[in-house]
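Chain residues, written in single-letter form:
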Amino acid sequence: MTIELGLDTFGDVTVDPSGNLLPHDQVLRNVVAEGVLADSVGVDVFGLGEHHRDDFAISAPEILLAAIAGQTKRIRLGTAVTVLSTDDPVRLFERFSTLDAISNHRAEVILGRGSFTESYGLFGYDLNDYDLLFEERLEILSRLIREKSVTWQGKTRAPLDNVTVYPPLSKGLTTWIGVGGSPESVVRAVRYDMPMCLAIIGGDPRRFLPFVDLYKRAHAQVGRPVRPLAVHSPGHVAQTDAEAVAQAKAGYTVLRNRIGAERGWGPVQPGEFENEVANGSMYVGSPETVARKIAATVQALGLARFDMKYSQGTMPHDVMLRSIDLYGTKVMPMVRDLLAQEISPV
């Protein structure tokens, strides 16, 4: 089985050795260094997620990806995720076609509506148009990627009349649909003939098997080969299981409690994090532990790619650098060995 293995981050705002939050500008410089390291240790894809809030520093992923492109030659550079609903698809196309050109065709994008809604008010969009905004922008962008000139008319932006957008893509653009868990999103990915990336951030990943089955059945119904399937899930690698859990739990708890307070969830309960590590979609542990868990998910869901979100809330930059190094040098070879030998990973 061929598997691509990537790393993702949202640019979580981290702490210095004294426990003080770093300023956003330093976090962004650290993300660039993390991307360069990921390239040097053989990671296949490096993804940056777009957010517009103070606990995540990345609001313009393409600019950071361009900075990383200038210091790397091999790693593919993508997003995890781009909030298409509150972006203009023409400008988005221009930015990514430019990134693709300067990186020697290493750019790709995961499109989604986002699990946070700050961008709607920030850019003047109405949450009541949540579905329509995404659908119309996805139609425009998909046509810009595949057609030389585009004519389009809808409700959420000005029409396009035989428009050609520059710079053009000379080799296309790998474009994924990010899916959080709705059947409609699965069918949409098939309808637009784009590969699907499942964001699985909690619970047993096998609970998403019905969506995988729907993805396959929808392809069969339209008479097309099944597109690749990817998963994005959080994780952290250290020398031992105990060290990894201790390091990841601290940052996870800070972020989870903050988001929970905003959304009306209770605080992290005793044993909750450890249970997610043992039985859910938290890929935390030694290289062997993480490799076996990734391989099990790849086998269970039939994945072509697995992306691990290596940043865990306020986890320090130096700890993440060690995790990236272990992921590339230890975890990835182990995953591929397990899959190649058809060894049961658990």
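Residues numbered from 1 in each chain as written. Predicted model: local features only at pLDDT ≥ 70, side-chain atom pairs only at ≥ 80, totals over all residues. Heavy atoms only, no water.

A. The overall build of the protein, seen in detail. Broken down by element type, the protein carries eleven helices and twelve strands. Its C-alpha radius of gyration of 20 Å places the protein within 12% of the 20 Å reference for a compact globule of 346 residues. Partitioning the intrachain contacts of the protein with sequence separation of at least 6 by distance along the chain shows that 73% fall at a separation of at least 24. Of note, the protein has its 35 positive side-chain charges centred 4 Å away from the centre of its 42 negative side-chain charges. (Helix = DSSP H or I, 4+ residues; strand = E, 2+ residues; numbered from the N terminus. Rg over C-alpha atoms; globule rule 2.2 N^0.38 Å. Contact = heavy atoms within 4.5 Å. Lys, Arg positive; Asp, Glu negative; His and termini not counted. Charge placed at Lys NZ, Arg CZ, Asp CG, Glu CD.)

B. Spotlight on helix α7 (residues 209-222). The terminal C-alpha atoms of α7, which comprises 14 residues, lie 20 Å apart, in line with the 20 Å expected from a rise of 1.5 Å per residue. Listing the buried residues of α7 in full gives Phe211, Val212, Leu214, Tyr215, Ala218 and His219. Down the axis of α7, the buried side of the element spans an arc of 160°, and every buried residue falls inside it. Exposed and facing more than 90 degrees away from the buried side of α7 are Pro210, Ala220 and Gln221. On its buried side, α7 packs onto α6 (183-191), β9 (196-199), β10 (229-237) and α10 (287-301). (Expected span 1.5 Å × (residues − 1). Buried < 20%, exposed > 50% of the residue type's maximum accessible area, 1.4 Å probe, protein only. Arc of directions from axis to C-beta.)

C. Broad picture of the packing of helix α3 (residues 89-102) against helix α5 (residues 130-146). Where α3 contacts α5, the two axes come as close as 9 Å, and the packing angle between them is 40°. With respect to their mutual orientation, α3 and α5 come out oblique. Considering the relative orientation of α3 and α5, their crossing is right-handed. Together, Pro89, Val90, Leu92 and Phe93 of α3 and Arg137, Ile140, Leu141, Leu144 and Ile145 of α5 make up the contact between the two elements. Class assignment of the residues belonging to the contact of α3 with α5 gives a composition of eight nonpolar, no polar and one charged. (Axes fitted to C-alpha atoms, helices over the stretch in contact; angles between N-to-C directions. Parallel < 35°, antiparallel > 145°, perpendicular 65-115°, else oblique. Left-handed = near helix turned anticlockwise from the far one by under 90°. Nonpolar A, V, L, I, M, F, W, Y, C, P; charged D, E, K, R; others polar.)

D. Highlighting helix α2 (residues 61-69). Those residues of α2 that fall on the buried side of the exposure criterion are Pro61, Glu62, Leu64, Leu65, Ile68 and Ala69. Projected down its long axis, α2 carries its buried residues within an arc of 160°, all on one side. Where α2 is buried, its residues contact α1 (24-40), β2 (45-48), β3 (76-79) and α3.

E. Expanded view of the side chain of Thr79. Within the secondary structure, Thr79 is located in strand β3. Residue classification places Thr79 among the buried positions, given a relative accessible area of 3%.

F. The pairing of strand β12 (residues 305-309), seen in detail. Of all five residues in β12, five are buried, a share of seventy percent or more. Along β12, one buried face is formed by Arg305, Asp307 and Lys309 and the opposite face, lined by Phe306 and Met308, is buried too.

G. Here's a closer look at the packing of α2 against α3. With their axes 10 Å apart at the nearest point, α2 and α3 run at an angle of 5° to one another. Taken together, the axis directions place α2 and α3 in an arrangement best described as roughly parallel. Residues Glu62, Leu65 and Ala66 of α2 lie in contact with α3, whose contacting residues are Arg95, Phe96, Leu99 and Ile102. Of the residues in the contact of α2 with α3, the class split is five nonpolar, no polar and two charged.

H. Structural context of the nonpolar core. Residues Phe46, Ile294, Phe306 and Tyr327 are the most contacted members of the largest nonpolar core, which totals 92 residues. With ten residues, the top contributor of residues to this core is helix α11 (residues 317-340). (Core = buried A, V, L, I, M, F, W, Y, C linked by side-chain atoms within 4.5 Å.)

I. Inspection of the environment of Arg336 at higher detail. Summarising the element assignment, Arg336 is placed in helix α11. For the pair Arg336 and Trp152, spaced 184 residues apart in the sequence, the C-alpha separation amounts to 45 Å. In this structure Arg336 touches Ile3, Glu4, Leu5 and Asp44, once residues within four positions along its chain are discounted. A distance of 2.6 Å separates a polar atom in the side chain of Arg336 from a polar atom in the side chain of Asp44. (Polar contact = N/O pair within 3.5 Å; in protein donor to acceptor, adjacent residues only side chain to side chain.)

By themselves these figures say nothing about function.
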